[in-house]
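# Residue-level structure breakdown
Here is what each chain is made of, one letter per residue.
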Amino acid sequence: MAKILCVLYDDPVTGYPKTYARDGLPQLERYPDGQTLPTPSAIDFTPGELLGSVSGELGLRTYLEGLGHELIVTSDKDGDDSVFDQHLPDAEIVISQPFFPAYLTAERIAKAPNLKLAVTAGIGSDHVDLDAAIDAGVTVAEVTFCNSISVAEHVVMMILSQVRNYLPSHQQVLDGGWNIADCVERSYDLEGMQVGTVAAGRIGLAVMRRLAPFDVGLHYYDKYRLPSEVEAELNLTHHESVQEMLPHLDVVTINAPLHPETRGLFDDELLSTMKRGAYLINTARALIVDRDAVVRALESGQLAGYAGDVWYPQPAPKDHPWRTMPYHGMTPHISGSSLSAQTRYAAGTREILESYFEGSPIRDEYLIVDGGELAGTGARSYTATAKS
Ligand code: NDP
């Protein structure tokens, strides 16, 4: 019998939903690159239900208890006395979502001698110390592509809301006002602007595809160049480095994983090379940017706006400076946890668990670490510190 320790965010303050805004979800057959959606043998939830909160349990309880395993679900994840830390020493599998991550530090991995598998119900496994997972022989897997389009939609929303000054204008309405000039003194059209992505993977490319009809100039930097037909189809300008690309851009969207190459990339120096009044959208990971440098750039006018949904740590403390900095459009970490995305990553988590318990290979595209090394998507998109 295995102990599965699952960290999920709290239920809504009004309680677990009894009804939903919509009846069901659109049926998707495949992801845009042809990859199949998750293929578990069965699911024990209704698509469109809230699955990422504690009572939703990712729809896993019936399946896991049916196999005789123990499932612990908690939102109490931080601090030595947390429920998470109490159960970690004999957990075989840890599951958490990037929106509310169970930080699997090297210290915690050292306290978990039975740990074999860390599943990210979502995308982005930087909350796991990958070097420590490699050393401890822990497999790390995530549900590649499950919410990439969800995030791309959020990025497009945030670009438009920043450039057009949507949020302050909405606030006018809430406040009972009608001062048009207050709303439009920072409002522009996106048309004709130069928009670039740092990384053109599943999210970055989807953002470019969605923005192409807006008649903007599209740019990208990625470690690997896209096929020439894709560049031609979207009229994409490829740049040799982030540093070379940034001075050309009015809008920058960050879509790379957090790993040693990207950590702290956007510091004061790099931000100073951007056009004055550029917008920076970061739904990738907070630590790719220097927290205080972003605040300084907004205050000085170097950045006209910053938006995103990723913070460090998560949950963000009440006094986090990004809550109160000027011209921001931050949300909590929600872009990849729409009800649509939850259905896919709950099913993908079940697929990974079925593979694990049946002893069959986990899909290569889901793997980040396996067999003591970066594997699958991890080997392509991440870097680890060389083993000592
Ligand atoms: P992909 O793996 O499809 O894309 C990541 C891309 O980043 C790859 O093309 C990779 O290049 C590229 N890359 C890696 N290192 C660098 C670098 N140093 N400079 C430039 N490009 C680099 O992942 P997704 O697009 O699905 O997701 C990207 C990230 O977005 C995730 O890692 C996660 O951190 C974040 N995310 C956020 C979510 C949210 O809710 N806010 C939800 C989902 C993801 P290559 O593969 O060619 O080496």
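Residues numbered from 1 in each chain as written. Predicted model: local features only at pLDDT ≥ 70, side-chain atom pairs only at ≥ 80, totals over all residues. Heavy atoms only, no water.

### Digging into helix 5 (residues 148–163)
Between its first and last C-alpha atoms helix 5 spans 23 Å; for 16 residues at 1.5 Å apiece the expected length is 22 Å, and the two agree. Along helix 5, 13 of the 16 residues are buried, which leaves the element largely enclosed by surrounding structure. Phi for Asn 165, located one or two positions after helix 5, is positive at around 60°. (Helix = DSSP H or I, 4+ residues; strand = E, 2+ residues; numbered from the N terminus. Expected span 1.5 Å × (residues − 1). Buried < 20%, exposed > 50% of the residue type's maximum accessible area, 1.4 Å probe, protein only.)

### Things to note about the site of the ligand
As a structural note, the neighbourhood of the ligand is formed by 30 residues, with Arg 202, Ile 203, Asp 222, Thr 283 and Arg 380 the closest of them. Here Thr 283 contributes a backbone N or O atom positioned 2.8 Å from a nitrogen atom of the ligand. Asp 309 places a side-chain nitrogen or oxygen 3.2 Å from a nitrogen atom of the ligand. Taking 920 Å² as the accessible area of the ligand by itself, protein coverage stands at 96%. Elements that contribute at least two residues to the shell around the ligand include exactly helix 5, helix 8 (202–211) and helix 14 (376–381). Of the residues contributing to the shell around the ligand, the split by class is 12 nonpolar, 11 polar and 7 charged. (Near = heavy atom within 4 Å. Polar contact = N/O pair within 3.5 Å; in protein donor to acceptor, adjacent residues only side chain to side chain. Areas by Shrake-Rupley, 256 points an atom, 1.4 Å probe, with all protein chains shown as cover. Nonpolar A, V, L, I, M, F, W, Y, C, P; charged D, E, K, R; others polar.)

### Digging into the pattern of salt bridges
In this structure the tally under the stated criterion is 17 salt bridges. The salt bridge partner of Arg 285 is Asp 126, with a shortest N-O separation of 2.7 Å. Here Arg 285, found in the loop between strand 10 (278–282) and helix 12 (291–300), pairs with Asp 126, found in the loop between strand 4 (117–120) and helix 4 (130–136); they are 159 residues apart in sequence, far enough to count as distant. Residue Asp 292 is joined to Arg 291 by a salt bridge in which the shortest nitrogen-to-oxygen separation is 2.9 Å. (Salt bridge = Lys/Arg side-chain N within 4 Å of Asp/Glu carboxyl O.)

### Section: the side chain of Ser 148
Assignment of secondary structure puts Ser 148 in helix 5. Judged by relative accessible area, which is 2%, Ser 148 ranks as buried.

### Focus on the sheet that holds strand 5 (residues 139–142)
Overall, mixed pairing links the 7 strands, which are arranged 2-1-3-4-5-12-13 in an open sheet. Lying at the two open borders of the sheet, with one neighbouring strand each, are strand 2 (70–74) and strand 13 (373–374). Of the strand pairs in this sheet, strand 5 and strand 12 (residues 367–370) are connected by 2 bridges, and their pairing is antiparallel. Pairing of Val 140 across the sheet is with Val 369, part of strand 12. (Pairing = 2+ DSSP bridges.)

### Side note on the UniProt feature "binding site: substrate" (unreviewed entry) in the protein chain
Under the feature "binding site: substrate" (unreviewed entry), the UniProt entry names Ile 123 and Asn 147. Their sequence span is 25 residues, while the largest C-alpha to C-alpha distance among them is just 7.2 Å; these annotated residues converge on one region. Judged by its relative accessible area of 23%, Ile 123 falls in the partly exposed class. Among the structural elements, Asn 147 can be located in the loop between strand 5 and helix 5. Apart from the residues within four sequence positions on either side, Asn 147 is in contact with Phe 99, Gly 122, Ile 123, Gly 336, Ala 341 and Tyr 345. (UniProt positions renumbered as here; feature names shortened; annotations may be inferred. Contact = heavy atoms within 4.5 Å.)

### Describing the side chain of Ser 53
For Ser 53, the position within the fold is in the loop between strand 1 (3–7) and helix 1 (61–66). Setting aside residues up to four positions removed in sequence, Ser 53 forms contacts with Leu 8, Tyr 9, Asp 10, Asp 11 and Tyr 16.

### Concerning the pairing of strand 11 (residues 303–308)
When a strand is regular, its side chains alternate between the sheet's two faces. Burial runs high along strand 11: 6 of the 6 residues are buried. Summarising the sheet, strand 10 and strand 11 pair through 5 bridges and their orientation is parallel. Each residue of the ladder has a partner; that of Tyr 279, found in strand 11, is Gly 305. In the classification by handedness, the crossover that spans strand 10, the intervening helix 12 and the parallel strand 11 is right-handed. (Right-handed = clockwise from strand over helix to strand, strands pointing away.)

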